[in-house]
Amino acid sequence: MVDNLTVRLASPPVSWVVRPRLLAVCLVLAAATFLVLCLGIGVGDFPLTVTEVVGALWGSADQGTLFVVRELRLPRALAGLLVGAAFGLSGALFQTMTRNPLASPDMIGITEGAGTAVVAGIVLGLGGLGSQFLGFTGAVLTALLVYLLSWRGGITGYRIVLVGIGVSWMCTSATDYLIVTSELFQAHAALGWLVGNLNGQSWDRVVPLALALAVLAPAALLLGRWTRALQLGDDVALGLGTPVRRARPLMLLVGVGLVAFGTAAAGPIAFVALAAPQIAQRLARTAGPTPVASAFAGALVVLGADLVARRLVPGTELPVGVVTGALGAPFLLWLLARGGRRGGARPRPAWIGALRSLARGRGSA
């Protein structure tokens, strides 16, 4: 593989670094995502081949096929694509901000906070506010709570994981209480949403999510320079001129917005924000999660899990969150085992110490 290439323009005076392996990984992930998206659109009572799906997407098909693809199945496929990209991009921001592979939104309570707000809207009759507004509000408030409780003259990765785990369980308990005290039809609607589900998607949910990504994704990419500097540590980032205290809140706001709109559209799909950045990082062999590759990996994970969920049990469409949860749990165990293997003078990751501290705290209680 060719080493990194530096591209410079004389006018305007702009330069950037091209990483051939990272570019190749992004292209492969994009192609795989498009293929899985077409396979998912082709599944149903009226099966279609990939060729027929591509033709319908380009408009070269009969009216019946166009209706099935564009009106009935495309909203679900685009929802999975956009939700996966939002979760992957958000996970990359959080893991970079804390320099901790466990600090994903679904591990530190952000997703649970958005879920609690949406369930409260369902149970308390606040649906008129909209699930996007409720999800964003819940995620922002939870993120602020985690950030404030983790602040001790600064933020460290292990502290935000410990605080986030506690806040996550608080939100989970509040959600359980709301469901137990609700009416049967409200509890059924809330439980179906909490698993993480792409069933019944429509353009009414896809359009707000697409608009949110159109604003937040470029913002995340513009923060890329600060993101790379923060991967080197706060001291080095400050030496490079990065405004650390301003960069983290901005990254937090963008990451929270992404996960909030994604959760509001399809529910808290488990482990995508955790796994996607790590998959992209290992494929590209970069020092930390990269935003674009993480977004593609997240989209591929959600679309692939949804395809498996629809074909796993004949005659039944399982929620996509069931599959991501079943696959994400072993991935988390592998991540913990890999982080626990130390050799020579290699320092122990801070998040391993955080989990051990959490275990000692539970044992003493």
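Keep in mind that this is a model prediction, so the values were computed, not measured.

1. Points about the overall build of the chain
Here's step 1: Each helix and strand in the chain was counted, giving 15 helices and 2 strands.
Here's step 2: Counting only residues that meet the buried cut, the chain has 49% of its 365 residues in that class.
Here's step 3: Excluding contacts between residues fewer than 6 apart, the proportion of contacts in the chain whose partners are at least 24 apart in sequence is 70%.
Here's step 4: Here the chain displays about 17,800 Å² of accessible surface, and carbon together with sulfur accounts for 66% of that area.

2. A word on the packing of aromatic side chains
Here's step 1: Scanning the model with the defined rule gives 1 aromatic pair in all.
Here's step 2: Seen from their ring centres, Phe136 and Phe261 are 5.9 Å apart, and the 40° between their planes marks the pair as tilted. Here the residue Phe136 occupies a position in helix H5 (residues 131-150), and Phe261 occupies one in helix H11 (residues 244-266), the gap between them amounting to 125 residues.
Here's step 3: Accessibility expressed as a relative area gives 29% for Phe136, which makes it partly exposed.

3. Considerations on the nonpolar core
Here's step 1: Counting 46 residues, the largest nonpolar core has Ile110, Leu258 and Ile269 as its most contacted members.
Here's step 2: Sort the elements by how many residues they give to this core and H11 lands first, with 11 residues.
Here's step 3: When residues no more than four places from it in sequence are discounted, the contact partners of Ile110 are Phe94, Pro105, Ala139, Thr142, Ala143, Val256 and Val259.
Here's step 4: Counting 14 residues, the second largest nonpolar core, distinct from the first, contains Val36, Leu37, Cys38 and Leu48.

4. Re helix H8 (residues 203-222)
Here's step 1: With 20 residues, H8 extends 28 Å from end C-alpha to end C-alpha; this agrees with the ideal 28 Å at 1.5 Å per step.
Here's step 2: What H8 keeps buried is the set Val206, Leu209, Ala212, Leu213, Leu216 and Ala220.
Here's step 3: In this fold, the buried residues of H8 make contact with helix H3 (63-98), helix H9 (224-230) and H11.

5. Here's the deal with the pattern of salt bridges
Here's step 1: Taken as a whole and judged by the stated rule, the model has 1 salt bridge.
Here's step 2: Residue Arg76 is joined to Asp306 by a salt bridge in which the shortest nitrogen-to-oxygen separation is 2.8 Å. Separated by 230 residues along the polypeptide, Arg76 in helix H3 and Asp306 in helix H13 (residues 291-312) bring together distant segments of the chain. We note that Arg76, like Asp306, is buried.

6. With respect to the environment of Leu209
Here's step 1: By secondary structure assignment, the location of Leu209 is in helix H8.
Here's step 2: By relative accessible area, which is 2% here, Leu209 ends up buried.
Here's step 3: Residues Leu209 and Ala265, spaced 56 residues apart in sequence, show a C-alpha to C-alpha distance of 7.1 Å.
Here's step 4: Residues in contact with Leu209, not counting those within four places in the same chain, are Ala79, Leu82, Val83, Phe261, Gly262 and Ala265.

7. Observations regarding unusual backbone geometry
Here's step 1: Its identity is not glycine, yet Phe271 carries a phi of approximately 70°, on the positive side.
Here's step 2: Tracing the backbone shows Phe271 in the loop between H11 and helix H12 (272-284).
Here's step 3: Of the residues examined, Phe271 reaches a relative accessible area of 18% and is grouped as buried.
Here's step 4: The backbone of Arg285 sits at a positive phi, close to 55°, despite the residue not being glycine.

8. Quick word on empty space enclosed by the protein
Here's step 1: Using the criterion set out here, one finds 1 cavity of 30 Å³ or more in the structure.
Here's step 2: Space inside the largest cavity adds up to approximately 30 Å³.
Here's step 3: The wall of the largest cavity is formed by Phe87, Asp106, Thr111, Val259, Ile269, Val272 and Ala273.
Here's step 4: When the residues that make up the lining of the largest cavity are grouped by side-chain class, the tally is 5 nonpolar, 1 polar and 1 charged.

9. Remarks on a nonpolar patch on the surface
Here's step 1: A contiguous nonpolar surface patch, about 280 Å² in accessible area, is contributed by Leu145, Leu149 and Met170.
Here's step 2: Structurally, the position occupied by Leu145 is in helix H5.
Here's step 3: Judged by relative accessible area, which is 36%, Leu145 ranks as partly exposed.

10. Observations regarding the environment of Leu134
Here's step 1: Turning to its location among the elements, Leu134 is positioned in helix H5.
Here's step 2: Put simply, Leu134 and Gly115 are 19 residues apart on the chain and 8.8 Å apart in space, counted from C-alpha to C-alpha.

11. Comments concerning the side chain of Arg76
Here's step 1: The class for Arg76 is buried, based on a relative accessible area of 11%.
Here's step 2: Among the polar contacts listed, one links the side chain of Arg76 to the side chain of Asp306, at a separation of 2.8 Å.
Here's step 3: Those residues within four positions of Arg76 in sequence are excluded, and the remaining contacts are Leu198, Asn199, Gln201, Asp306, Arg310 and Glu317.

12. Looking at helix H7 (residues 184-194)
Here's step 1: Taken as a whole, H7 has its buried residues at Gln186, Ala187, Ala190 and Trp193. In an axial view of H7, the angular spread of the buried residues amounts to 135°, which keeps them on one side of the axis. Opposite the packed face of H7, turned more than 90 degrees from it, sit the exposed residues Leu184, Phe185 and His188.

13. Topic: the confidence of the model for the chain
Here's step 1: Averaged over the chain, the pLDDT score is 81; the fraction of residues at 70 or greater is 84%.
Here's step 2: Counted against residues more than four places away or in other chains, residues 342-352, with its pLDDT under 50, gives 15 contacts.
Here's step 3: Taken as a whole, residues 354-365 scores under 50 in pLDDT and shows 9 contacts with residues more than four places along the chain or in a different chain.

Conventions adopted
- Residues numbered from 1 in each chain as written.
- Predicted model: local features only at pLDDT ≥ 70, side-chain atom pairs only at ≥ 80, totals over all residues.
- Heavy atoms only, no water.
- Helix = DSSP H or I, 4+ residues; strand = E, 2+ residues; numbered from the N terminus.
- Buried < 20%, exposed > 50% of the residue type's maximum accessible area, 1.4 Å probe, protein only.
- Contact = heavy atoms within 4.5 Å.
- Areas by Shrake-Rupley, 256 points an atom, 1.4 Å probe, with all protein chains shown as cover.
- Phe/Tyr/Trp six-rings, centres within 6.5 Å; stacked < 30°, edge-to-face > 60°.
- Core = buried A, V, L, I, M, F, W, Y, C linked by side-chain atoms within 4.5 Å.
- Expected span 1.5 Å × (residues − 1).
- Salt bridge = Lys/Arg side-chain N within 4 Å of Asp/Glu carboxyl O.
- 1 Å grid on protein atoms, 1.4 Å probe; cavity = no way out; pocket = protein on both sides within 12 Å on 5 of 7 lines; lining within 4 Å.
- Points joined across faces, edges and corners; volume = space filled by probe spheres on them.
- Nonpolar A, V, L, I, M, F, W, Y, C, P; charged D, E, K, R; others polar.
- Patch = residues over 30% accessible without salt bridge, like charges linked within 9 Å, V, L, I, M, F, W, Y side chains within 5 Å.
- Polar contact = N/O pair within 3.5 Å; in protein donor to acceptor, adjacent residues only side chain to side chain.
- Arc of directions from axis to C-beta.
- pLDDT = per-residue confidence, 0-100.

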